[in-house]
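Here is what each chain is made of, one letter per residue.
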Amino acid sequence: MTNLLIPNVLILGGTTEANALAKAIAEQGIAAVYSYAGRVESPRPQPLPVRVGGFGGSEGLAEYIRKYAVTHVVDATHPFAAQMSRNAIEACRTTQTPLAALTRAAWALQPGDTWHHVPDIAAAVDALSGDAQRVFLAVGRMHLEDFAAQPQHHYLLRLVDDPESLPLPNAEVVVARGPFTESEDRALMLRHGTQLVVSKNAGGSGARAKLDVARALGLPVLMIDRPVLPQRTELSSVAQVLDWLSHP
Ligand SMILES: NC(=O)c1ccc[n+]([C@@H]2O[C@H](COP(=O)([O-])OP(=O)(O)OC[C@H]3O[C@@H](n4cnc5c(N)ncnc54)[C@H](OP(=O)(O)O)[C@@H]3O)[C@@H](O)[C@H]2O)c1
């Protein structure tokens, strides 16, 4: 009798790519659980069983993998979810579980772009010292407090949930969930009078419209480069992940 390993996949999600993978995995009838961090009030429903909340560090994740007999972990988190990705590498190493990351290429400079690169959020905050500007701060909710160190600017924030309070004295919040189109972003940025865009280099298509608009309007972008992660298997499409699951 052949000893076939029947996949029981854990998808670390919270991205468009993870959602596409969940759909494909459900269609293939592969057993899998989709994991959300629990950052947004009503996460998108998935065609797979969903669990919500942290695991408790790499040790908690290792425990989860053992408890639920997970055979494969697919890290389809956002490129800036570096802690989760590091925990996945460590937990899969200790439990000897195959791990692949479903990644997207970083955005690359195009002719007409004016990007100032910074290595991380702290450097982006430092780079904002100076005169007041109208800033489209497209970094999500988690790091807004860091930007309280530069309260002189008028910030445009686009967030998934309406925040109860804001650490920035001078800010306008638009509640919306991507993907965003170029015409929407153009209208938003013109209305706000945006002079500078601050963006994480997320890659992918869902959030890139603001960069296309910045190029068209001749606006500078403060581009926060991706965190560097340890070596891991990286796949760039859902088809590659399905192939990896069938030939681990
Ligand atoms: N960072 C972004 O810009 C961004 C943008 C869009 C979507 N997201 C999504 O939002 C989630 C949180 O991102 P983050 O940057 O806050 O992550 P992070 O800083 O790397 O993670 C912090 C902690 O949150 C928990 N966590 C993160 N992702 C999880 C998941 N998919 N399932 C269960 N627990 C998770 C883990 O807690 P424990 O240590 O307790 O396990 C992790 O150590 C991720 O799922 C990511 O894909 C992030």
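Structure: see above.
For the structure given in this document, a descriptive report is provided here.

Cut-offs applied
- Residues numbered from 1 in each chain as written.
- Predicted model: local features only at pLDDT ≥ 70, side-chain atom pairs only at ≥ 80, totals over all residues.
- Heavy atoms only, no water.
- Helix = DSSP H or I, 4+ residues; strand = E, 2+ residues; numbered from the N terminus.
- Buried < 20%, exposed > 50% of the residue type's maximum accessible area, 1.4 Å probe, protein only.
- Contact = heavy atoms within 4.5 Å.
- Polar contact = N/O pair within 3.5 Å; in protein donor to acceptor, adjacent residues only side chain to side chain.
- Expected span 1.5 Å × (residues − 1).
- Pairing = 2+ DSSP bridges.
- Axes fitted to C-alpha atoms, helices over the stretch in contact; angles between N-to-C directions.
- Near = heavy atom within 4 Å.
- Areas by Shrake-Rupley, 256 points an atom, 1.4 Å probe, with all protein chains shown as cover.
- Salt bridge = Lys/Arg side-chain N within 4 Å of Asp/Glu carboxyl O.

**Remarks on the environment of Gln46**
(1) Moving on: Considering the arrangement of structural elements, one finds Gln46 in the loop between β2 (31–36) and β3 (50–52).
(2) Moving on: Accessibility expressed as a relative area gives 15% for Gln46, which makes it buried.
(3) Moving on: As for Gln46 and Val125, which are separated by 79 residues in sequence, their C-alpha atoms are 36 Å apart.
(4) Moving on: Setting aside its immediate chain neighbours within four residues, Gln46 contacts Asn19, Ala22, Tyr34 and Tyr36.
(5) Moving on: A distance of 2.9 Å separates a polar atom in the side chain of Gln46 from a polar atom in the side chain of Asn19.

**Points about helix α1 (residues 16–28)**
(1) Moving on: Here α1 spans 19 Å end to end across 13 residues, near enough to the 18 Å set by a 1.5 Å rise per residue.
(2) Moving on: Burial in α1 covers these residues: Glu17, Ala18, Asn19, Leu21, Ala22, Ala24 and Ile25.
(3) Moving on: The first or second residue beyond α1 is Gly29, which carries a positive phi of 70 degrees.

**As for the pairing of strand β8 (residues 154–159)**
(1) Moving on: Burial within β8 is extensive, with 6 of its 6 residues counted as buried.
(2) Moving on: In β8, alternate side chains face the same way, and those of His154, Leu156 and Arg158 on one face and Tyr155, Leu157 and Leu159 on the other are all buried.
(3) Moving on: As judged from the 3 bridges shared by strand β7 (residues 134–138) and β8, these two strands associate in the parallel manner. Bridge pairing in β8 links Phe136 to Leu156.

**Description of the sheet that holds strand β6 (residues 115–118)**
Backbone-to-backbone hydrogen bonds pair the strands of a sheet. The strands run either parallel or antiparallel.
(1) Moving on: Strand order in the open sheet formed by 6 strands is β6-β11-β10-β7-β8-β9, and the pairing between neighbours is parallel. Edge positions in the open sheet fall to β6 and β9 (171–175), since each of these has one partner strand only. Going from strand to strand, the sheet's axes swing by 20 degrees on average, the running direction of each strand aside.
(2) Moving on: Summarising the sheet, strand β10 (residues 196–200) and strand β11 (residues 221–224) pair through 4 bridges and their orientation is parallel. Within the sheet, the bridge partner assigned to Lys200 lies in β11 and is Ile224.
(3) Moving on: Against the sheet, helix α5 (residues 182–192) makes contact with β7, β8, β9 and β10, and its axis sits at roughly 155 degrees relative to β8, the strand it touches most.

**Digging into the site of the ligand**
(1) Moving on: As a matter of local geometry, the ligand sits amid 22 residues, with Gly13, Ser35, Phe55, Met84 and Lys200 nearest to it.
(2) Moving on: Contact between the ligand and Ala82: an oxygen atom at 3.3 Å from a main-chain N or O atom of the residue.
(3) Moving on: In the model, an oxygen atom of the ligand is placed 2.9 Å from a nitrogen or oxygen of the Gln83 main chain.
(4) Moving on: Relative to its unbound accessible area of 800 Å², the ligand is 77% covered by the protein chains.

**Concerning the pattern of salt bridges**
(1) Moving on: If you walk through the whole model with that rule in mind, you get 10 salt bridges.
(2) Moving on: Taking the shortest distance from any N to any O, the salt bridge between Glu27 and Lys23 comes out at 3.2 Å. Of this pair, Glu27 and Lys23 both sit in helix α1, 4 residues apart, which is roughly one turn of the helix.
(3) Moving on: Three or more residues are tied together by salt bridges with common partners; here these are Asp113, Arg208, Asp212 and Arg215.

**Overview of the environment of Glu234**
(1) Moving on: Within the secondary structure layout, Glu234 lies in strand β12 (residues 233–235).
(2) Moving on: The sequence separation of Glu234 and Leu99 amounts to 135 residues, and the corresponding C-alpha distance is 9.0 Å.
(3) Moving on: Discounting chain neighbours no more than four positions away, the residues touching Glu234 are Ala101 and Thr103.

**As for the environment of Arg93**
(1) Moving on: By the element assignment, Arg93 lies in helix α3 (residues 82–95).
(2) Moving on: Once the C-alpha coordinates of Arg93 and Gly218 are considered, the two residues, 125 residues apart in sequence, prove to be 46 Å apart.
(3) Moving on: Polar contacts involving the side chain of Arg93 include one to the side chain of Glu90, which spans 2.8 Å.

**Looking at the sheet that holds β12**
(1) Moving on: Spatially, 6 strands are ordered β3-β2-β1-β4-β5-β12 in an open sheet, and the strand pairing comes out parallel. Every interior strand has two partners, whereas the edge strands, β3 and β12, have only one. Across the sheet, the mean angle separating the axes of adjacent strands is 25 degrees when strand polarity is ignored.
(2) Moving on: Sheet strands touched by α1: β1 (8–12), β2, β4 (72–75) and β5 (99–102). Its angle to β1, the strand with the most contacts, is close to 160 degrees.

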